[in-house]
Amino acid sequence: MKFFVDTANLDQIKEAKQLGILDGATTNPSLMAKEGIKGKSNIFKHYAEICDIVQNDVSAEVISVDFDGMIKEAEELVQISEHIVVKIPMIKDGIKAIRYLSDKGIKTNCTLVFSAGQAILAAKAGATYLSPFIGRVNDITWDGIELIKEIAEIYSVQLYDTEILAASIRSPRQIVECAKYGADVVTSPLNSILGLLRHPLTDNGLEKFLADHRKSQA
Ligand code: E4P
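Residues numbered from 1 in each chain as written. Predicted model: local features only at pLDDT ≥ 70, side-chain atom pairs only at ≥ 80, totals over all residues. Heavy atoms only, no water.

Colleague: Teacher, can you tell me more about the sheet that holds strand E6 (residues 129–132) here?
Modeller: Sheet strands pair by backbone hydrogen bonding; their relative direction is either parallel or antiparallel. Taken in spatial order, the eight strands line up as E1-E2-E3-E4-E5-E6-E7-E8 and close into a barrel, and their pairing is parallel. Each strand axis lies, on average, 30° off the axis of its neighbour in the sheet, ignoring direction. (Pairing = 2+ DSSP bridges. Helix = DSSP H or I, 4+ residues; strand = E, 2+ residues; numbered from the N terminus. Axes fitted to C-alpha atoms, helices over the stretch in contact; angles between N-to-C directions.)

Printed below as a string of structure tokens:
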């Protein structure tokens, strides 16, 4: 399973890169706004900086909700870097845009996916990545991991090439479950990725080993 970091914060992206496990990054308009990035040229400059750090797939989301607008934005976004993946919302014009961009060899990430039916449509349209939002499904008391399982089963039976990019991650446990149930990629905030490191027995064990080593040197 590939690891993407789900943030537009350059320090966090650098930290994830330095860990040596980073395969890509995802952003969205909310994450860009959180960093205080305003205006098209600043936004594009920020995407370029993210791409320079990541050196691999970086999702940048369109704002338009009509086909022509999405294509215009996509064509501008891909000029920023060879690493840009155009993030397109799961709406009717979005599906048309994914088909168009896919036919042109432009990578896409179909976002705001909450059902297996949507996942089938995005795969049929040729999306490179599909982003089911686990946390937001859980927020309404449904089961985000069940959604991953269902999509993984369909994609496996149908031999779809689209990669399942599990998004809206809220905990390290969800990353483990995504790996277990067939997500190809997980995009997560850095704190959940770092949460995978932590175990009290590791901390206690290390403390004991170091204490014993100190005693043996005394
Ligand atoms: C990433 O591609 C998604 O936009 C993001 O994971 C959404 O996360 P949220 O539900 O925590 O906002």
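From this point, things continue past the structure.
Colleague: Is there a simple way to explain the side chain of Asp6 in this structure?
Modeller: Mapped onto the fold, Asp6 is located in strand E1 (residues 2–6). No salt bridge forms around the buried Asp6; measuring N to O, its nearest opposite-charge neighbour Lys87 is 5.3 Å away. Here the side chain of Asp6 touches Thr26 through a polar contact of 2.8 Å, side chain to side chain. Each residue touching Asp6, except ones within four places of it in the same chain, is listed here: Thr26, Leu31, Ser168, Thr187, Ser188 and Pro189. (Buried < 20%, exposed > 50% of the residue type's maximum accessible area, 1.4 Å probe, protein only. Lys, Arg positive; Asp, Glu negative; His and termini not counted. Salt bridge = Lys/Arg side-chain N within 4 Å of Asp/Glu carboxyl O. Polar contact = N/O pair within 3.5 Å; in protein donor to acceptor, adjacent residues only side chain to side chain. Contact = heavy atoms within 4.5 Å.)

Colleague: Teacher, can you tell me more about the site of the ligand here?
Modeller: Close to the ligand lie Asp6, Thr26, Asn28, Lys87, Phe133, Arg136, Ala167, Ser168 and Arg170. A distance of 2.7 Å separates an oxygen atom of the ligand from a polar atom in the side chain of Asn28. With respect to the ligand, the side chain of Lys87 contributes an N or O atom lying 2.6 Å from an oxygen atom. Contact with the protein chains hides 84% of the accessible area of the ligand, taken as 350 Å² for the molecule alone. Counting atoms within 2 Å of the grid points, the majority share of the ligand lands in the largest pocket. Across the shell around the ligand, the residue classes tally to two nonpolar, three polar and four charged. (Near = heavy atom within 4 Å. Areas by Shrake-Rupley, 256 points an atom, 1.4 Å probe, with all protein chains shown as cover. 1 Å grid on protein atoms, 1.4 Å probe; cavity = no way out; pocket = protein on both sides within 12 Å on 5 of 7 lines; lining within 4 Å. Sits in = over half its atoms within 2 Å of the grid points. Nonpolar A, V, L, I, M, F, W, Y, C, P; charged D, E, K, R; others polar.)

Colleague: Where do I start with the pattern of salt bridges in this structure?
Modeller: This structure, assessed with the given rule, holds 13 salt bridges. A salt bridge links Asp103 to Arg99; the shortest N-O distance between them is 3.2 Å. Here Asp103 pairs with Arg99, and both are found in helix H5 (residues 92–103), just four residues apart, close to one helical turn. A salt bridge links Lys208 to Asp212; its shortest N-O distance comes to 2.8 Å. Placement of the pair is Lys208 and Asp212 together in helix H11 (residues 200–217), with a separation of four residues, close to one helical turn. A relative accessible area of 29% means that Asp212 is categorised as partly exposed.

Colleague: Looking at this structure, I do not really get the pairing of strand E4 (residues 84–89). What am I missing?
Modeller: Within a regular strand, the side chains alternate between the two sheet faces. For E4, the buried fraction is high: six of the six residues fall into the buried class. The alternating pattern of E4 places Ile84, Val86 and Ile88 on one face and Val85, Lys87 and Pro89 on the opposite face, and all of these are buried. In the classification by handedness, the crossover that spans strand E3 (residues 57–61), the intervening helix H4 (residues 67–80) and the parallel E4 is right-handed. Here four bridges tie E4 to strand E5 (residues 108–113), and the two strands are oriented parallel to one another. Looking across to E5, one finds that Lys87 is bridged to Asn109. Viewed along the sheet, the connection from E4 through H5 into E5 turns out right-handed. (Right-handed = clockwise from strand over helix to strand, strands pointing away.)

Colleague: What is the right way to look at the side chain of Thr162 in this model?
Modeller: Of note, Thr162 is situated in the loop between helix H8 (144–158) and strand E7 (163–166). One polar contact links the side chain of Thr162 to the main-chain carbonyl oxygen of Ala127, over a distance of 2.7 Å. When residues no more than four places from it in sequence are discounted, the contact partners of Thr162 are Ala122, Ala123, Gly126, Ala127, Thr128, Tyr129, Leu130, Tyr155 and Asp184.

Colleague: Whenever I open this one, the pairing of E5 confuses me. Can you help?
Modeller: Where burial is concerned, most of E5 is hidden: five out of the six residues are buried. The pairing of E5 with E6 spans three bridges and is classified as parallel. Residue pairing across strands places Asn109 opposite Tyr129, the latter belonging to E6. You can see the chain leave E5, run along helix H6 (residues 116–125) and come back into E6, and the turn it takes is right-handed.

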